[in-house]
Amino acid sequence: MTDSSFDNPDDNFQGMRNSVDSSNINPCLLSDLDGAKCSLQSMHAQTLKEVRDVVRVLGKDRSECLAAVDFIQRLGIDHHFQDDIKSILTKQHLEWEDTHQQAELYQVALCFRLLRQHGYTVSADVFQRFQDKDGKFREELSPSINGWISLYEATQLCMEGEDILVEAELFCCHLLNAVRARCGYNQVKLIERTLNHPYHKTLPRFMTKNFIGDISSKAKKWERDLKHLAMMDYEIVQSQHKMEAQQFFTWWNNTGLAKEMKLAKDLPMKWFMHSTVALHPKHSQLRVNITKIVSLVYIIDDIFDVYGSLDNLIIFTEAVQRWDYAEAEELPHYMKSCLRVLFDTTEEFANEIHQVQGFNPTSYLQKVWANLFDAFLVEATWFANKHLPLPDEYLKNGTVSTGMHVILLHLFFMLCEKTYIIAEFLNENSRGMVNSAAAMLRLLDDLDSATVTDTCPSSTMPLTVPTDKTDETQVGKDGSYVDCYMQEHKGITHEMARNHVKLMISDLWKRLNSECLVLSPYSALFTNYTLNVVRILPLMYDHERRYTLPGFEE
């Protein structure tokens, strides 16, 4: 398969539309496909068993164990080795105070990043040893470029108040850009990938294909063994994703919404990409369910942005606030159809949760959907009245209109999170993880939209990619944070406003790191999936610019 077949994933998905009905496929061919899949899974199981023994041996090797953990994570196969990784990192944490005093920068930074990433308490003061007497980082304090790459990766887990990591990030960024001219091709590629897609702020699954391709035949045997396992794992996951996507499209086609709303964005593969924030292979049905929710958020946003008159949008919102289909009697048919799908999907989801957990989440789901409709209506009213709000007012409402709370609350219930913390989740004034992630999503979306054009305000669309051809005809109508900030601060340039937003995003990452890695009341899995929702957005923008997303084009 050549890259030319990957140009547009939604074009590829059009082929899936025609292949969902397998009634005309030769049964022998289906049997052969099932046999090949079983054979691959059998080989994968045997290889996993052999490689797990190798990893356990590596776990006892102080010089290799951390590199092995990092390698496994970058290959996207860490879910197979959770116990081994925990054992390695627990031992490293117990020995942390002794080992970091003598180790090289590369090893210290790698250990720091892995321990903090997995919830162990480690102080950033360990890097004082790599500063000179004036508190400055200098290139000669670490002879290896890999040390500074490792330190840059570690700085991405900076929390509020950790000035040493802020300084380290600036130094590493400057140094790595400066030394590229004297580096070989492979090192330049590594530097560029590190600066553009640092591990902590990137979805590993989307970078796996590139990482596998970089592993040469001269790599260590344990690296080649892990690569072999990862290649099989990759094929199995891709096959699983294709079946999930087909399952979603069958549902989407049955809703009839694409036919009723010709101007709406019909981008099923893009919607499905968002569901892959739930990376674990066992969460197959979760991904299908989340894609349904993402598609509804997109379609409802289109109704507010493209279709509805303000009078109809008010009735539309009131129907959701009361959760009463009868309220929609006078609305256009497409609005009533959308409400029907929303109400039916919510009821089906709530019933599934109730059957599994004995807890009925209906009232909470209704509330979070009503909040989203309220936020969309506020933006529609701003536009109708030609009103550009103050930045803080815009951001508070825009945090809700991302759809982040809707998507994450469904994840919350599917992952069986503790129900007693729902109140904190739904508190719009909270400074917690969900609101921080949603605020960052809004600013990232606005910042990238402002990159596309200086004259068109960004779309209100949640998780949107404004450079898509379909989106070009639907550029948002209600301003962006950049616009609001420039109106409040007369005389500043567009670039100054963008730089201010970049600083806000940087501060939100620090806050989010604190809330996710230290203060989170949620499970590690839910916390990681929340981070993944933020991580996927830059990759989606990059995908739209280059029409390729590593590991997903197939």
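Residues numbered from 1 in each chain as written. Predicted model: local features only at pLDDT ≥ 70, side-chain atom pairs only at ≥ 80, totals over all residues. Heavy atoms only, no water.

J.: It is not clear to me how the confidence of the model for the chain should be interpreted in this structure. Could you clarify?
T.: Atom-level detail of predicted coordinates should not be read off regions where pLDDT is low. Within the chain, residue pLDDT values average 84, and 84% of them lie at 70 or more. Within the chain, helix α22 (residues 469-472) has the poorest average pLDDT of any element, 37, and helix α15 (residues 310-322) the best, 97. Per-residue pLDDT stays below 50 along residues 1-33; that stretch engages in 33 contacts with residues further than four places along the chain or on separate chains. (pLDDT = per-residue confidence, 0-100. Helix = DSSP H or I, 4+ residues; strand = E, 2+ residues; numbered from the N terminus. Contact = heavy atoms within 4.5 Å.)

J.: Explain helix α13 (residues 268-275) here, please?
T.: Spacing of three or four residues puts side chains on the same side of an α-helix, whose turn is 3.6 residues. Judged by how many residues are buried, α13 sits mostly within the fold: 8 of 8 residues are covered. Those residues of α13 that fall on the buried side of the exposure criterion are P268, M269, K270, W271, F272, M273, H274 and S275. (Buried < 20%, exposed > 50% of the residue type's maximum accessible area, 1.4 Å probe, protein only.)

J.: What should I look at first to understand the state of the cysteines in this one?
T.: Working definition: the covalent bond between the sulfur atoms of two cysteines is a disulfide. Taken as a whole, this structure holds 0 disulfides when the rule is applied. There is no disulfide at C173, and the cysteine sulfur nearest it, in C172, is 8.7 Å away. Residue class for C173 comes out partly exposed when judged on its relative accessible area of 29%. (Disulfide = S-S within 2.5 Å.)

J.: Just checking my understanding: could you explain unusual backbone geometry for this structure?
T.: Note: most residues except glycine have negative phi, and most peptide bonds are trans. Phi is positive for K386, close to 55 degrees, though the residue is something other than glycine. Looking at the secondary structure, you find K386 in the loop between α17 (362-384) and α18 (391-401). Since its relative accessible area comes to 79%, K386 is described here as exposed. Backbone geometry at C416 places phi at a positive 60 degrees, although glycine is not the residue there. Here C416 lies in the loop between α19 (404-414) and α20 (422-426). We classify C416 as partly exposed; its relative accessible area is 47%.

J.: Sorry, what's going on with the nonpolar core here?
T.: Nonpolar side chains tend toward joint burial in soluble globular proteins. Core analysis: the biggest nonpolar cluster contains 106 residues, and I300, F316, W369 and F526 have the highest contact counts within it. Take this core: its biggest share by element is 11 residues, from helix α14 (residues 284-307). Counting only domains with at least three residues in this core, you end up with domain 1 (42-214) and domain 2 (239-452 + 476-541). (Core = buried A, V, L, I, M, F, W, Y, C linked by side-chain atoms within 4.5 Å. Domains from an automatic or database assignment.)

J.: What should I look at first to understand a negative patch on the surface in this one?
T.: Together, D344, E347, E348 and E352 make up a negatively charged patch on the protein surface. Along the polypeptide, E347 turns up in helix α16 (residues 333-357). (Patch = residues over 30% accessible without salt bridge, like charges linked within 9 Å, V, L, I, M, F, W, Y side chains within 5 Å. Areas by Shrake-Rupley, 256 points an atom, 1.4 Å probe, with all protein chains shown as cover. Salt bridge = Lys/Arg side-chain N within 4 Å of Asp/Glu carboxyl O. Lys, Arg positive; Asp, Glu negative; His and termini not counted. Charge placed at Lys NZ, Arg CZ, Asp CG, Glu CD.)

J.: Can you help me understand the packing of helix α11 (residues 221-255) against α14 in this one?
T.: For any two helices packed against each other, the geometry is given by the interaxial angle and the distance between the axes. Contact pair α11 / α14: the axes reach a minimum separation of 9 Å and the direction vectors enclose 45 degrees. What the angle tells us is that α11 and α14 run oblique. Seen along the crossing, α11 lies across α14 with a hand that is right-handed. Between α11 and α14, the residues in contact are Q240, H241, E244, Q247, F248, W251 and W252 and S284, Q285, R287, V288, T291, K292, S295, L296 and I299, respectively. Its residues placed into classes, the contact of α11 with α14 shows 6 nonpolar, 7 polar and 3 charged. (Axes fitted to C-alpha atoms, helices over the stretch in contact; angles between N-to-C directions. Parallel < 35°, antiparallel > 145°, perpendicular 65-115°, else oblique. Left-handed = near helix turned anticlockwise from the far one by under 90°. Nonpolar A, V, L, I, M, F, W, Y, C, P; charged D, E, K, R; others polar.)

J.: Could you clarify how one ought to interpret the packing of aromatic side chains in this entry?
T.: Centre distance and the angle of the planes are the two values used to describe a pair of aromatic rings. All chains considered together, the criterion is met by 25 aromatic pairs. Measuring from centroid to centroid gives 5.1 Å for F316 and F373, while their planes differ by 55 degrees, and the two rings are tilted. With F316 in helix α15 and F373 in helix α17, this residue pair connects regions lying 57 residues apart in the sequence. What makes F373 buried here is its relative accessible area of 0%. Geometrically, the ring pair formed by F412 and F413 is edge-to-face, given 5.4 Å between the ring centres and 90 degrees between the ring planes. Its end group placed over the ring of F81, R52 keeps NZ or CZ at 5.6 Å from the ring centre. (Phe/Tyr/Trp six-rings, centres within 6.5 Å; stacked < 30°, edge-to-face > 60°. Lys NZ or Arg CZ within 6 Å of the ring centre and 35° of its normal.)

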